[in-house]
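These are the residues of each chain, in order.
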Amino acid sequence: MSDLYDDTAAEREMATHPQAEARKGFFTDTTLCIGCKACEVACKEWNQLPADGYSFTGHSYDNTGELNGSTWRHVAFVEQLRNGATPQEDEQQVVRADAGRWLMESDVCKHCTHAACLDVCPTGALVRTEFGTVFVQQDVCNGCGYCVPACPFGVIDKREYDGHAGKCTLCYDRLQDGETPSCAKACPTESIQYGDLEELRTRADARLEKLQREGRYTDASLYLRDTDNGIGGAGAFFLLLDKPEVYGLPPDPFDTTRDLGRLWKHAAYAALALVGVTALAAVGTRR
Amino acid sequence: MPGLGTTLGRGGATTFMQDLQNSDCILIMGSNMAENHPVGFQWVMEARERGAEVIHVDPRFTRTSAVATRHVKIRPGSDIAFLGGIVNYIITHERWFHDYVVNYTNAPVIIDPRYRDTEDLGGLFSGFDAKQDAYDLASWQYEDLDMTGSAGRRMGSAVSGSKIVTHELSPEEKAAEDRPLEHGEPPHVDVTLQHPRCVFQLLKKHYARYTPEMVERICGTPKEQFLAVAEALCANSGRERTSAMCYALGWTHHTEGAQTIRTAAMIQLLLGNIGRPGSGILALRGHASIQGSTDIPTLYELLPGYIPMPEEGMTDLGKFLHETTAKGGFWGHMDAYTISLLKAWYGEHATAENEWCFGHLPRINGDHSIYPAMMGMLQGTVKGFFCIGENPAVGSANASLHRRAMANLDWLVVRDLFEIESAAFWYDSPEIETGKLRTADIKTEIFLLPAADHLQKDGSFTNTQRLLQWHHKAVEPNGDARSELWFYYHLGKRIREKLLASSDPKDRAINELTWNYPELGALADPDASAVLREINGWGADGKALDTYTKLKADGSTVSGCWIYCGVFTGEQNLAARRKPGSEQSWVAPEWGWAWPANRRQLYNRASADPDGKPWSERKRYVWWDAEKKEWTGYDVPDFVKDKPPDYVPPDGAKAEKALDGRSPFIMQGDGKGWLFVPDGLVDGPLPTHYEPEESPVDNALYAQQANPVRERWPSANNPYHPSGSAPGASVFPYVMTSYRLTEHHTAGGMSRTLPHLAELQPEMFCEVSPALAAERGLVHGAWATIVSARSAIEARVLVTDRVPDYQIQGQTVRVVGLPYHWGNRGISVGDSANDLWSISADPNVHIQETKAATCDVIAGRRPRGTALSALVNEYRRRAGLPAEE
């Protein structure tokens, strides 16, 4: 049992997968996003997901609001302008960090290395695939909903219409045929890039270095690119232009089951102590 | 497309999407390209990533602005002032590309001494007839030489609905009309550009007052921002660098739309940015295959390939050809194009004796564009209407007028994927709600026919860059759905069966048509590739022709659209080619097929200097190979392949032979880019800033407020607000502008009906600045009512800093942004922005002004039923306008 909560467990799990492939993932570069939402539509079309509803939210151009059981790609829109302001330029005629801007970011399941949703699933419906992704087996899911509060990003959600949990599968069915996930395929500007995670990380590092070297987007940073974070690294990571919380992302996410091992140990000690105390008490009583 | 057509020779984008990656600077104006052309926009992003400056000049900060390197605000309806300011900047600071301008444009040409500029006449050009609100174009001509425009008005009368005045020709004018080019030149030129009547000096004078300060006063664009744009364009033009421009409906939807586009073309000519890599003007079209529907036109005044439709009184072919044939350039072969077309349509019946059945063609006797047609329905003179590929009940300006017009028809055919508003207005529409229409009173017989979608039929799209791309049928149409081709073909067959026994001469026009395509499958769908082959045409041997230069005027060749000749070269459907980009050069000549002759970049001879050498190594594209004695390069040369740069035409030469080896604009009568347009446009030879039909301010440049030749239909059904400082104008204090969103398609028939699109923008909304919201007590997320003299609509309120306020001539002007996608049918429903607009239009192309007008805004939802009319009438009363009928 302690194995499950070991820091290297997920990596080992992937390495020992019977059909292990290179771990696949997404690198979403928000400097290239034009907010067209083609990813949202392509995802719903391919995965046959229903519309969530038809209400105007008033949150800029975002009317789907969040990732949930039937929205697996979601584009956030963050307006940062002063009235009448237009982006100010420095001498190189580039957009400066403090200028008016409209941030857009296509969010998705992070396919965590330490996936709490998978850890807490009592039925085994949530599994790690040969691509290193986290997948919900719809025919196994019993709708208990344990995974929902476990997710540190609020990604996985239970659907009212069929009672099952749902989230991005990284288009598992397409991957099995060697195809690109539908969102990345539909993205017209390569804001969503799909590939081998290691290669994507290298590519993202080069991209960040280039942006900084050219003096463009000097406040750009990579979110969830590293493996030493609270989720042990993500299968989907991002190049952001502002703090994660500005996009509705947790700044320091961690695997909500990370302390479970310790807790269980404490519980075991406590239980043992209790047994000991009881025994001692019994002994004492006998005396 | 006469803005580009008259200036450069062809009414199409000069460049192609993929070439934008080579631009050093891209100006996107009159377009929200990232939102409305997201796939093509990848090439703008590519250019930006390569270091290009991407400038977005727009009234709002949109998704395009968000990824541009610079957003510059501009008041809706002031584009010519801005662009004219750039022309002024180029001339004042001597930034024009001298060798390009002197050799490739009509800058040196001397203009008729009778010509007077707007500077002399308070905003009018010479030749204005105030009684008819129209111009006599004679004084705009070259001195001693009459030129024929490559587009627009190309016949000498107003019969076709053109707003022009004509007169009897004087002997001098007659001589000028018949005079040929001399050695490829107009008779009077001054290559030093100093003659006071040369085009360059006229241009300089015309734009002298379009200063950065004036731009700020008119456009509300801070002077520094304007100067940064002008400088960026100049700094990124010349031998070593090129700039491109992208525009769309933000430029066309004005009473001076064609002239706006022309101003852009003039800037690109002055800077040497036509025909070169990374240069040009990309006309971004508003619909799939809308380029195709002007090439093979759904327009009343054109035949396929931009051949003019003959007018009433044009009895013989000889007269038609005399009026429409150009002195020089490829419009000198009007006879070959027209006769080949007639052979395609009338086959063996078309003979030299009967003038190739020229008499069978319809003759136009007025303006039969969509708005006059709707007025005719309203008045009862137009009885029937095929409504296909459009949804006027939502998508046309003053939509209520269109719904009432259709309710007055005898019959209406709607072919669509869904029961759109234009099919359901008789029982479900705002007029039914207010009681203006009653179902029981509507006598219109409406036929709603299900249409096959693009996956259910073979055919081609001609996209924004003149590229024909073939699509194959994936599945059979469901139920009774049929393709457009099926519908028209079988309708034609049934009509012909009924007329078979007729001996009435007028029925020969139908009975003698070639109408025999192979029918495929259980549905008997006509073979679309056979239609494309006929459009391409064939020679005397029956084999598909490979180029339009082989078309003849002797009846031996057939071609349904001369500019598409070559798409079926070698009996292959070249539009169906799909060789991946990775397996060919970046120009990708083997993906689909582009008209003309698979040229991707038009006028590309201009990528070389007058001697045929590339202007620079960096911008090499097409050049003269002196050894092989031919033009060569990365693209198909848009020039006579073996015409050397030093070619001088002999006396009496005609068509392309009359153009010298240094004239890249091969469709133009003189081979030059026209900075000054002597013929083809009805509202002036030089673009001039006028205020929109409805404006909150007076014209700061001229006494003339709006385009004097604009088309208007004033009536109680279509009232116009007082404009500028006129009494009553302040009743409608705000500027409204309409536009599209990525998430929806035009009038919504193909997007408000689909859950995955409808949920992304589920409700009609308006975008306003925080200051406007405060002024009118609007609450973010709640409702607002937008009022004009036409109607009032309600919308959710999106208060956003992305909609700036403007300081115009000391006055604060605030803008209301209105997406126009909504109507009352489908999953996502809402009021139609087009209910608010009046119908006023550009006089060259009859396109409505829906990008700038005035309105008022009040908090809360609109009144229902008759209370809505009461509200609108109250506004009308205050503005001094007649009440609703």
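Residues numbered from 1 in each chain as written. Chains lettered and ligands numbered in written order. Predicted model: local features only at pLDDT ≥ 70, side-chain atom pairs only at ≥ 80, totals over all residues.

1. So, the overall build of chain A
Then, number 1: Looking only at helices and strands, chain A has eight helices and 10 strands in total.
Then, number 2: By residue count, 40% of the 287 residues in chain A fall in the buried class.
Then, number 3: Considering only contacts in chain A between residues 6 or more positions apart, those separated by 24 or more positions represent 64%. (Helix = DSSP H or I, 4+ residues; strand = E, 2+ residues; numbered from the N terminus. Buried ≥ 20, exposed ≤ 12 C-beta atoms within 10 Å, placed from the backbone. Contact = placed C-beta atoms within 7 Å.)

2. Remarks on the overall build of chain B
Then, number 1: Secondary structure assignment for chain B yields 26 helices and 29 strands.
Then, number 2: With respect to the three principal axes, the spread of C-alpha positions in chain B is 75 × 70 × 60 Å.
Then, number 3: Long-range contacts, defined as pairs at least 24 residues apart, comprise 73% of the intrachain contacts of chain B with a sequence gap of at least 6.

3. Quick notes on the domain arrangement of chain B
All names here are of chain B.
Then, number 1: Partitioning chain B into domains gives domain 1 (2–283), domain 2 (297–333 + 343–364 + 528–576) and domain 3 (711–879).
Then, number 2: On a C-alpha basis, the centres of domain 1 and domain 3 stand 30 Å from each other.
Then, number 3: Residue-level contacts link 25 residues of domain 1 with 29 residues of domain 3.
Then, number 4: For the side of domain 1 that touches domain 3, the secondary-structure elements that each account for two or more residues are helix 2 (33–36), helix 11 (249–252) and helix 12 (257–270).
Then, number 5: The residue makeup of the side of domain 1 that touches domain 3, split by class, is six nonpolar, 11 polar and eight charged. (Domains from an automatic or database assignment. Nonpolar A, V, L, I, M, F, W, Y, C, P; charged D, E, K, R; others polar.)

4. Describing the interface of chain A and chain B
Then, number 1: Contact residues are listed per partner, giving 37 residues for chain A and 43 residues for chain B.
Then, number 2: Looking at the side of chain A that touches chain B, the elements that each hand over two or more residues are helix 2 (38–47) and strand 3 (101–108) of chain A.
Then, number 3: The biggest single contributor to the side of chain A that touches chain B is helix 2 of chain A, with five residues.

5. A word on helix 3 (residues 42–49) of chain B
Residue and element names in this part refer to chain B.
Then, number 1: Burial analysis of helix 3 places six of its eight residues in the buried class, the great majority of the element.
Then, number 2: Elements in contact with the buried residues of helix 3: strand 1 (25–29), helix 2, strand 2 (53–57) and helix 4 (63–67).
Then, number 3: Positive phi shows up at Gly 51, right after helix 3, with a value of about 110°.

6. What about helix 9 (residues 212–219) of chain B?
Residues and elements named next belong to chain B.
Then, number 1: Most of helix 9 sits out of view: seven of its eight residues are buried.
Then, number 2: Burial in helix 9 covers these residues: Pro 212, Met 214, Val 215, Glu 216, Arg 217, Ile 218 and Cys 219.
Then, number 3: Where helix 9 is buried, its residues meet helix 5 (79–92), helix 10 (223–235) and strand 25 (806–808).
Then, number 4: Gly 220 occupies a position one or two residues after helix 9 and carries a positive phi of about 75°.

7. Things to note about the sheet that holds strand 2 of chain B
Pairing between sheet strands relies on hydrogen bonds along the backbone, with the strands arranged either parallel or antiparallel.
All names here are of chain B.
Then, number 1: One open sheet holds the five strands; their spatial order is 3-2-1-6-7, and the pairing between them is parallel. Every interior strand has two partners, whereas the edge strands, strand 3 (70–72) and strand 7 (281–283), have only one. Between one strand and the next, the sheet's axes are offset by a mean angle of 20°, whatever the strand orientation.
Then, number 2: Two strands pair when backbone bridges link them, and strand 1 and strand 2 are joined in this way by five bridges, in the parallel orientation. By the bridge assignment, Ile 28 is partnered in strand 2 with His 56.
Then, number 3: Against the sheet, helix 10 contacts strand 1, strand 2, strand 3 and strand 6 (243–247), and its axis sits at roughly 135° relative to strand 2. (Pairing = 2+ DSSP bridges. Axes fitted to C-alpha atoms, helices over the stretch in contact; angles between N-to-C directions.)

8. Digging into the domain arrangement of chain A
Size of an interface, as often reported, equals the accessible area lost when the parts are brought together.
Residue and element names in this part refer to chain A.
Then, number 1: Split into domains, chain A comes out as domain 1 (2–255) and domain 2 (257–287).
Then, number 2: In this assembly, 10 residues from domain 1 lie in contact with four residues from domain 2.
Then, number 3: Looking at which element gives the most residues to the side of domain 1 that touches domain 2, the answer is helix 3 (residues 116–120), with three residues.
Then, number 4: Along the lines of polarity and charge, the residues of the side of domain 1 that touches domain 2 split into five nonpolar, three polar and two charged.

9. Observations regarding the sheet that holds strand 10 (residues 236–240) of chain A
All names here are of chain A.
Then, number 1: Strand order in this open sheet of four strands is 8-1-10-9, and the pairing throughout is mixed. Looking at the sheet topology across the chains shown, the edges are occupied by strand 8 (192–196) and strand 9 (221–223). Between one strand axis and the next, the sheet turns by 20° as a mean value, whatever way the strands run.
Then, number 2: When strand 1 (residues 24–29) meets strand 8, the two strands line up antiparallel, connected through five bridges.

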